[in-house]
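Chain by chain, the residues run as shown.
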Amino acid sequence: MFTGIDEVDWASLRHAYGSAEDVPGWLRALASADTAERATALDGMFGAVHHEGRVYDSTLACVPFLFALAAREEVPDRGCIVELLVSIGGEGVGGAEGAGGPKGRERAAHSGSGGGGASAEGSGARGNPRSAETPRTAETPGIAGNAENPGNPRNDGTARTAQDPGTSDGSERDRRAREAVCAGAGVFAALVGDPDPAVRRAAAGALVRFLEEPQRVLALLRQRLRAEREGCVLLALTEALGLFAHRYPAHADGALDLLAEQSAPPYAPGLRLAALGQLALRAPGRLPADLVPAAVQLLQQRSAQRLRRQEQAGTDTLVRRIRRLRPSDEQGAMLLRTLHSALGDRVDDRIALLTGQLTSPDPVDRCNAVWMSAGLFRGWRGAYDGPVRLLGAQLGSEQDRLRDAAVSVLAELFSLAAPAADDLHALVAARPDLWTHRWERSSPTLGGPLKALARTGDPRAVPPLAQLLAGPSAPVGLGCEVAHLGRAAAPLAPAVRHRLGRVPLDSPAAARLAAPLLTAVRAVGDRHAVPELLRLLSGAPDGLGARDAVVGQVIETLAELGAVAEAAPLLRGLLRTRHAVTAAGALWSADGDAGAVLPVLLRELAQPDPVVRGSAARQLAGLGPAARGALPELRRLAGAGPLRERVPAACALWRIAGDPDPVLPVFRYAWTADPRTRAPIARSLATMGPAAAPLHDLLITELTDPRRHTAQQGAYGHRDIPDDEELLWTCRGVLAGL
């Protein structure tokens, strides 16, 4: 196995942490009879030699020895070694196959599911031995990983301080790694029939990815399907058939025929679900007309079989007791995730599938459905009242895991969670202990049920919030949630005002404590809080300390309350600071003296900082025709440069000059080129009336597009859903005004 290993000059090679002189020890330890020694070695291989999916010169040098290890039946845990080879030979980080390809899935769960998507439960989670990282785990629904490395919740660059392959060098090494694994891919052909099911499972996908002989590959997959009896391997073979159809379109029919065969009786429900998922991905035309009812029925049959197996299990071990306390079914989750992903923009079908999952008698199925609903809600627009009510129904579950998952998803929906408000209120009323979430070493935060209820705007959230505000340790961020109640939160105004007045002015935490309370004051419209607001500005401009971070928010709140006149002397003192733009805008709202504020805004409009320029443009828009002196510079900014500067400048041009001709082309281009500009553009169009008519096609397209404009691959923000709903509301208003 290790012939020639000592002839490699490992000390001259590098991995993520420097010299690769420790690599031969790890390679030898992979063949050890000691489980802990093998686990440590695999940690080293994934954590240093193939850190975050990167290929180093030492990675390339390991490939022949890894193949030799994989081919020896006496070596334990060879499935992990095959998965490592698959990841090394796959597309580079962020490559064509993305998080579902070898650089994503196998890296995320190298000790678990492998190429076949089987369950990762029971596998040893292996982290990076050199960086004290959180151990890598299989992908968990509903928990977002790092966009570059979906299985790793961190990306702090620790390893790259030693040796980071540059972009061009890294691409060349990726190419050479793939060539090296392809050159040894004949080994995978033999491993497809290996005695070890874990090896067979990992080898199925490897065979398709690297053995570039499609007819031979398909014949091997067909042969293995006929002989295989292990469920996890059959699932891997099913996924491999789908991958084969994708990689070899000219030979896809044979693979699709096998998938169609597997999707029907007498195959087991789980295998049929997997086949339907692959058909949905690769050949939607071959799907049965009753896909969703069939999938729901198969899910229920599969769950019944799984529960029977658990009941028939032998000795009641500690592991089995733990699994009963926190039951899970990652394999089932992956099957349904594949089907949901394949259905894509067929939102009605996905809602029907989700409804079937959420009404399953099995709480594990319902928990999986809850997490899958999060992905649907974040990425797609639809009529979600029904699924949201079913999420609310999970709040009465005796299983904390299911209840907490439903609360987490409902809290992301804001006003869309209104159909579940009665269930949220019932949970809040029954469980005061859930009003806050207490952490071991940090301040308490607002509990999920009360947060979700407040975000719906339901006034029933006011009494418990009042109790928390009256207590000694109200959550710091509570004010941000109070704001969602708007004027309904008026009874909370005195308590919020009292807390704002107690913020220690000289504390380093002053801004952190004040910011949420300012949000609440503004939303409630509490004019009685003006003294507390002026107190936060005391010492301006030079003695603000940590409060400097919230000065802009204080000024905007004063302007919203119509209380700028009381603060005018302080605001004038800020006109030469970094808060000049906000202060100038507020002063204009108070006295309408363009002569005092226009020079300040023109000065800031010429600053090198694009953020400052954008803020200045927005404030100039508020001046309207009084800011005509800014038109030449605004035309220049609107005509060229980054879209995030052009759009505020174009909005200001319309508000100042009232001429849509130079503005609409900028809006049209930006709307398509950068979805993040759509909200401010729509707000500007709402002020244009019939002049916005030339862009009505964009508005209609937006309103009929099932995809949320905030949807991004591999990432999401907590306000993505309400921001998208606000855009839709604004678009409808613009169309109504044309």
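Caption draft 1: Focus on the nonpolar core. Membership of the largest hydrophobic core comes to 129 residues, with the highest contact counts inside it found for L410, L465, L571, L620, L634, F667 and L685. At nine residues, helix 33 (residues 643-657) tops the list of elements feeding residues into this core. In this structure, V86, L218, L276 and A295 belong to the second largest nonpolar core, which totals 97 residues.

Caption draft 2: Summary view of unusual backbone geometry. For the bond running from P265 to P266, omega is 15°, close enough to zero to count as cis. Secondary-structure assignment places P266 in the loop between helix 11 (252-262) and helix 12 (269-282). Even without a glycine there, the phi angle at D77 is positive, about 55°. With respect to the helices and strands, D77 occurs in the loop between helix 3 (57-70) and helix 4 (78-89). The backbone phi angle of F414 is positive, close to 55°, even though this residue is not glycine. Secondary-structure assignment places F414 in the loop between helix 19 (400-413) and helix 20 (421-430). A relative accessible area of 4% means that F414 is categorised as buried.

Caption draft 3: Main features of helix 18 (residues 385-393). Within helix 18 the residues assigned to the buried category are P387, V388, L390, L391 and G392. Buried residues along helix 18 sit against helix 16 (347-358), helix 17 (363-379), helix 19 and helix 20.

Caption draft 4: Region of the structure containing the packing of aromatic side chains. For the structure shown, the criterion picks out five aromatic pairs. Taken together, a centroid distance of 5.1 Å and an interplanar angle of 50° make the contact between F244 and Y248 tilted. For Y248, a relative accessible area of 15% gives the class buried. Taken together through their ring pairs, the aromatic side chains of F67, F188 and F210 make up a single cluster. Positioned above the aromatic ring of F414, the side-chain terminus of R719 is 5.3 Å from the ring centre.

Caption draft 5: Layout of the confidence of the model for the chain. Mean pLDDT for the chain: 87, with 86% of residues reaching 70 or above. Contacts for the low-pLDDT stretch residues 92-165, under 50 throughout, to residues beyond four places or in other chains number 189 contacts. Low pLDDT (under 50) marks residues 318-325, which in the prediction has seven contacts with non-local residues, meaning those over four places away or in another chain.

Caption draft 6: Spatial organisation of the side chain of R306. Take R306: it is sitting in helix 13 (residues 291-311). Assessed through its relative accessible area of 8%, R306 is described here as buried. Each residue touching R306, except ones within four places of it in the same chain, is listed here: D329, D362, V364 and D365.

Caption draft 7: Fine view of the pattern of salt bridges. Tallying each qualifying case throughout the model produces 42 salt bridges. Two residues, E645 and R613, come together in a salt bridge whose shortest N-O distance is 2.7 Å. Linking E645 in helix 33 with R613 in helix 31 (residues 610-623), this pair joins segments that are 32 residues apart in sequence. The buried category is assigned to E645, whose relative accessible area is 13%. For R613, a relative accessible area of 15% translates into the label buried. Across the pair R719 and D723 runs a salt bridge whose closest N-O atoms are separated by 3.2 Å. Overall, the relative accessible area of 30% leaves D723 in the partly exposed class.

Rules used throughout
- Residues numbered from 1 in each chain as written.
- Predicted model: local features only at pLDDT ≥ 70, side-chain atom pairs only at ≥ 80, totals over all residues.
- Heavy atoms only, no water.
- Core = buried A, V, L, I, M, F, W, Y, C linked by side-chain atoms within 4.5 Å.
- Buried < 20%, exposed > 50% of the residue type's maximum accessible area, 1.4 Å probe, protein only.
- Helix = DSSP H or I, 4+ residues; strand = E, 2+ residues; numbered from the N terminus.
- Contact = heavy atoms within 4.5 Å.
- Phe/Tyr/Trp six-rings, centres within 6.5 Å; stacked < 30°, edge-to-face > 60°.
- Lys NZ or Arg CZ within 6 Å of the ring centre and 35° of its normal.
- pLDDT = per-residue confidence, 0-100.
- Salt bridge = Lys/Arg side-chain N within 4 Å of Asp/Glu carboxyl O.

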